[in-house]
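Here is how the chains run, residue by residue.
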Amino acid sequence: MMNKQVNKMMKGTAVLTVASLIAKILSAFYRIPFENLVGNTGFYIYQQIYPIYGIGMTFALTGFPMYISKIIAQEEKKQAKDEIAREVFFLLLLLGVAVFLFLQIGASWIGRAMGDAKLSVLIKSVAWMYLLMPILAVGRGYYQGIFNMVPTALSQLLEQVVRVTVIITAAATAVSMNWSLYRMGSWAMLGSTFGAIAATLFFCGFYFRLLSGRKNFSLNMFKKVGKQLFSKGLTICLFTAMMVLLQLVDSFTVKEALQNSGYRPAEAKELKGIYDRAQPLIQMGLVISVSFSTALLPVLTEKFVQNKLHQFKLIARMIIRVCLGISSAASVGLMILMPEINISLFGDNLGSVALAISMLTIIFATLLTMYNAFLQSLDQYWQTFLTLVVILSVKILCNSFFVQHLGIEGASIATVLSLVVGCFLIKTTLPQMGNHLLGTDHFLLKLITCIFIMTLITLGCTLFLEEYIYSGRLGSILETCIGVIAGCVSFVVSASTLNLFTLQEWSSIPGGRRVFKLFNRK
């Protein structure tokens with residue numbers, strides 16, 4: 001029974017991972033022509049408000065759906081699942097309307113707090129997507145709670161396709177018609193609303209059945225669900241939005257700190273736009289961990305409720321090993337190739353050191369995401385909330401000081417430092433899950449060896465290519481592509497040779513079973 005559920009969860013994870021990967025590629029890809037079209041200052045304007053969209057997206061895609069999937073999975077009867085879904089929908093509708101009104105009324109104040117009053121028009125544009133957030137959050141969470149990841153995957157993919165199309169169209173129109181960068185940004189932000197409208201199409205049938213069915217409204221039940229949703233559920237959402245909240249801190253502090261260190265406002269905007277280049281790369285690096293945590297939470301919750309702690313630990317161990325291995329390889333690989341990646345995507349190597357430092361966040365954000373999923377399934381929330389408060393506190397306290405003395409590299413260091421502190425804190429507060437969460441087969445030593453081999457081979461390839469390839473943007477693109485292939489192949493071969501992952505762990509990675517069979521033929 002366990003293997004059947006785990007396999008279903010892993011298949012769901014594979015679907016989510018592929019869809020998320022495509023969506024994140026789109027999310028990264030559109031920023032390349034977008035930044036090239038509107039420049040660093042235009043990118044700065046867009047990225048200043050992006051965290052507000054990012055929080056709403058987290059609410060609708062991962063945060064609330066993860067919590068809803070958990071409480072849905074705990075119910076055995078379909079009627080009970082439907083009743084909870086209805087209660088949660090109306091509660092989130094109240095939240096969505098409240099956030100929408102706050103952003104519309106407070107847009108000018110928020111813009112001034114960010115040091116740029118002209119940003120208010122973008123804030124008003126992005127506010128509309130919060131009205132659609134409840135529809136997407138409950139629909140996705142319900143299906144994840146019954147271990148069906150397909151609606152989440154497909155709706156996410158369609159949402160991003162529509163959103164990216166609107167953004168690129170807005171940027172191209174702005175350039176051809178000489179719009180102001182702020183007008184362009186407001187239309188680009190409306191892409192999130194159009195994308196959300198498209199995604200709701202996947203849940204029309206679900207809501208027709210849910211809202212037209214028998215309703216047994218209970219005020220006490222409404223209050224009980226609301227209390228859990230806005231305490232435990234909101235804690236999950238805020239923690240899931242951790243990276244976006246760190247970006248929000250940057251939106252309020254980096255430009256001002258740069259100006260305080262002597263830069264003119266226009267120069268500060270330019271540097272902030274360069275610093276924000278790291279975000280799409282970090283998002284892509286976090287695809288695996290977010291997909292795994294989304295899919296594993298209902299299964300882990302079920303095992304905990306059934307008091308099957310041994311099976312719980314086995315699944316948790318498998319997930320943490322796979323995610324740590326992949327995120328470490330991705331993080332180090334991006335750091336090695338950062339100058340070439342920066343030139344390939346954005347046309348110059350400005351800010352490459354800051355971007356390389358930022359890539360370390362992939363490792364620690366992945367660990368925090370996994371630990372958070374474990375704590376949620378164990379019904380432990382105070383550790384998550386405490387960790388988030390500490391992470392944000394470290395970032396807020398360090399950011400302005402580091403930026404004034406170290407430039408945008410200081411903002412990257414402050415982010416990494418806050419996540420390292422958060423990892424240490426949440427690990428020490430985890431319940432006893434055994435002393436060998438990574439296993440007893442020297443996993444960390446094997447992982448370090450694989451990363452070292454990958455680093456040597458990738459660096460060797462890039463240094464060799466630098467001698468024989470044209471040094472322009474086209475040369476950097478070719479060097480990046482060859483470096484990525486060399487890094488991936490060397491890591492997979494060394495991981496297979498050193499038995500870094502078990503068969504079940506390889507099977508959880510798209511295409512992993514074939515790799516395992518390829519290197520383990522007898």
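For the structure itself, consult the block above.
Residues numbered from 1 in each chain as written. Predicted model: local features only at pLDDT ≥ 70, side-chain atom pairs only at ≥ 80, totals over all residues. Heavy atoms only, no water.

Student: I would appreciate a short explanation of the overall build of the protein chain in the present structure.
Tutor: A tally of helices and strands in the protein chain yields 23 helices and zero strands. Here the protein chain holds 522 residues, and 58% of them are scored as buried. In the protein chain, the proportion of contacts linking residues at least 24 apart, taken out of those at least 6 apart, comes to 83%. On the protein chain, roughly 21500 Å² of surface is accessible, and the fraction owed to carbon and sulfur atoms is 68%. (Helix = DSSP H or I, 4+ residues; strand = E, 2+ residues; numbered from the N terminus. Buried < 20%, exposed > 50% of the residue type's maximum accessible area, 1.4 Å probe, protein only. Contact = heavy atoms within 4.5 Å. Areas by Shrake-Rupley, 256 points an atom, 1.4 Å probe, with all protein chains shown as cover.)

Student: Can you help me understand the environment of Phe202 in this one?
Tutor: Along the chain, Phe202 falls in the loop between helix 7 (181–199) and helix 8 (204–212). Given a relative accessible area of 35%, Phe202 falls into the partly exposed group. Considering only alpha carbons, one finds Phe202 and Leu154, 48 residues apart in sequence, at a separation of 8.0 Å. Once residues within four sequence positions are removed from consideration, Phe202 is found in contact with Leu154, Ser155 and Leu158.

Student: Can you walk me through the nonpolar core in this structure?
Tutor: Side chains of a nonpolar character, in soluble globular proteins, are inclined to be buried together. Membership of the largest hydrophobic core comes to 124 residues, with the highest contact counts inside it found for Phe34, Ile49, Phe64, Val88, Leu92, Val138 and Met242. The dominant element in this core, judged by the number of residues it contributes, is helix 2 (residues 31–74), at 20 residues. Leaving out residues up to four positions away in the same chain, Ile49 has contacts with Met114, Leu119, Leu122, Ile123, Val126 and Met189. Ranked by size, the runner-up nonpolar core spans 11 residues in total, among them Val254, Ile274, Tyr275 and Ala354. (Core = buried A, V, L, I, M, F, W, Y, C linked by side-chain atoms within 4.5 Å.)

Student: Help me understand helix 6 (residues 150–177) in this model?
Tutor: Taking 1.5 Å as the rise per residue, helix 6 with 28 residues should run 40 Å; its terminal C-alpha atoms sit 40 Å apart, in good agreement. Among the residues trailing helix 6, Asn178 stands out with phi positive, at a value near 55°. (Expected span 1.5 Å × (residues − 1).)

Student: When you look at the packing of aromatic side chains in this model, what are you seeing that I'm missing?
Tutor: When we look at a pair of aromatic rings, we describe it by the centre distance and by the angle of the planes. Enumeration over the complete set of coordinates arrives at 17 aromatic pairs. Seen from their ring centres, Phe206 and Tyr207 are 5.0 Å apart, and the 75° between their planes marks the pair as edge-to-face. We classify Phe206 as buried; its relative accessible area is 2%. Judged by its relative accessible area of 9%, Tyr207 falls in the buried class. Among the aromatic residues, those joined into a cluster by ring pairs are Phe89, Phe90, Tyr142, Tyr143, Phe203, Phe206 and Tyr207. One Lys or Arg, Arg183, reaches over the ring of Trp179 and ends 4.2 Å from the middle of that ring. (Phe/Tyr/Trp six-rings, centres within 6.5 Å; stacked < 30°, edge-to-face > 60°. Lys NZ or Arg CZ within 6 Å of the ring centre and 35° of its normal.)

Student: Even after reading the chapter, I still don't get the packing of helix 10 (residues 242–260) against helix 11 (residues 265–275), so can you show me in this structure?
Tutor: At a minimum axis distance of 9 Å, the contact between helix 10 and helix 11 shows a crossing angle of 135°. Relative to helix 11, the element helix 10 lies oblique. Where helix 10 crosses over helix 11, the handedness of that crossing is right-handed. Contacts between helix 10 and helix 11 pair Asp250, Ser251, Val254, Lys255, Leu258 and Gln259 from the former with Pro265, Ala268, Lys269, Leu271, Lys272 and Tyr275 from the latter. Taken together, the residues that form the contact of helix 10 with helix 11 break down as six nonpolar, two polar and four charged. (Axes fitted to C-alpha atoms, helices over the stretch in contact; angles between N-to-C directions. Parallel < 35°, antiparallel > 145°, perpendicular 65-115°, else oblique. Left-handed = near helix turned anticlockwise from the far one by under 90°. Nonpolar A, V, L, I, M, F, W, Y, C, P; charged D, E, K, R; others polar.)

Student: Looking at this structure, I do not really get the pattern of salt bridges. What am I missing?
Tutor: Here the idea is simple: oppositely charged side chains can pair when their charged atoms come close. With the rule as written, the count across this model stands at seven salt bridges. For Glu35, the salt bridge identified is with Arg277, shortest N-O distance 3.6 Å. Of the two residues, Glu35 is situated in helix 2 and Arg277 in the loop between helix 11 and helix 12 (278–285); the sequence distance between them amounts to 242 residues. Residue classification places Glu35 among the buried positions, given a relative accessible area of 4%. The partner of Lys269 in a salt bridge is Asp116, and the shortest N-O contact between them spans 3.7 Å. Remark: Asp116 occurs in the loop between helix 3 (78–113) and helix 4 (120–127) and Lys269 occurs in helix 11; sequence separation between them is 153 residues. You can call Asp116 buried: its relative accessible area is 7%. (Salt bridge = Lys/Arg side-chain N within 4 Å of Asp/Glu carboxyl O.)

Student: Hey, could you run me through the packing of helix 10 against helix 18 (residues 382–406) in this one?
Tutor: Two packed helices can be described by the angle between their axes and the distance between those axes. Two elements in contact, helix 10 and helix 18, have axes separated by 8 Å at closest approach and are oriented at 20°. For the element pair helix 10 / helix 18, the angle class is roughly parallel. Relative to helix 18, the crossing made by helix 10 is right-handed. Taken together, the residues of helix 18 that come into contact with helix 10 (itself represented by Met242, Leu245, Leu246, Val249, Asp250, Thr253, Val254, Ala257, Leu258 and Asn260) are Leu388, Ile391, Leu392, Lys395, Ile396, Asn399, Ser400, Val403 and Gln404. When grouped by side-chain class, the residues that make up the contact of helix 10 with helix 18 number 12 nonpolar, five polar and two charged.

Student: Hey, could you run me through unusual backbone geometry in this one?
Tutor: Most peptide bonds adopt trans geometry, and most residues besides glycine take a negative phi value. Located in the positive-phi region is Asn178, a residue other than glycine, with phi close to 55°. With respect to the helices and strands, Asn178 occurs in the loop between helix 6 and helix 7. The class of Asn178 is exposed, set by a relative accessible area of 68%. Within the chain, Asn499 stands out as a residue other than glycine whose phi angle is a positive 55°. Counting through the fold element by element, Asn499 comes out in the loop between helix 21 (473–497) and helix 22 (503–507). The class of Asn499 is partly exposed, set by a relative accessible area of 41%.

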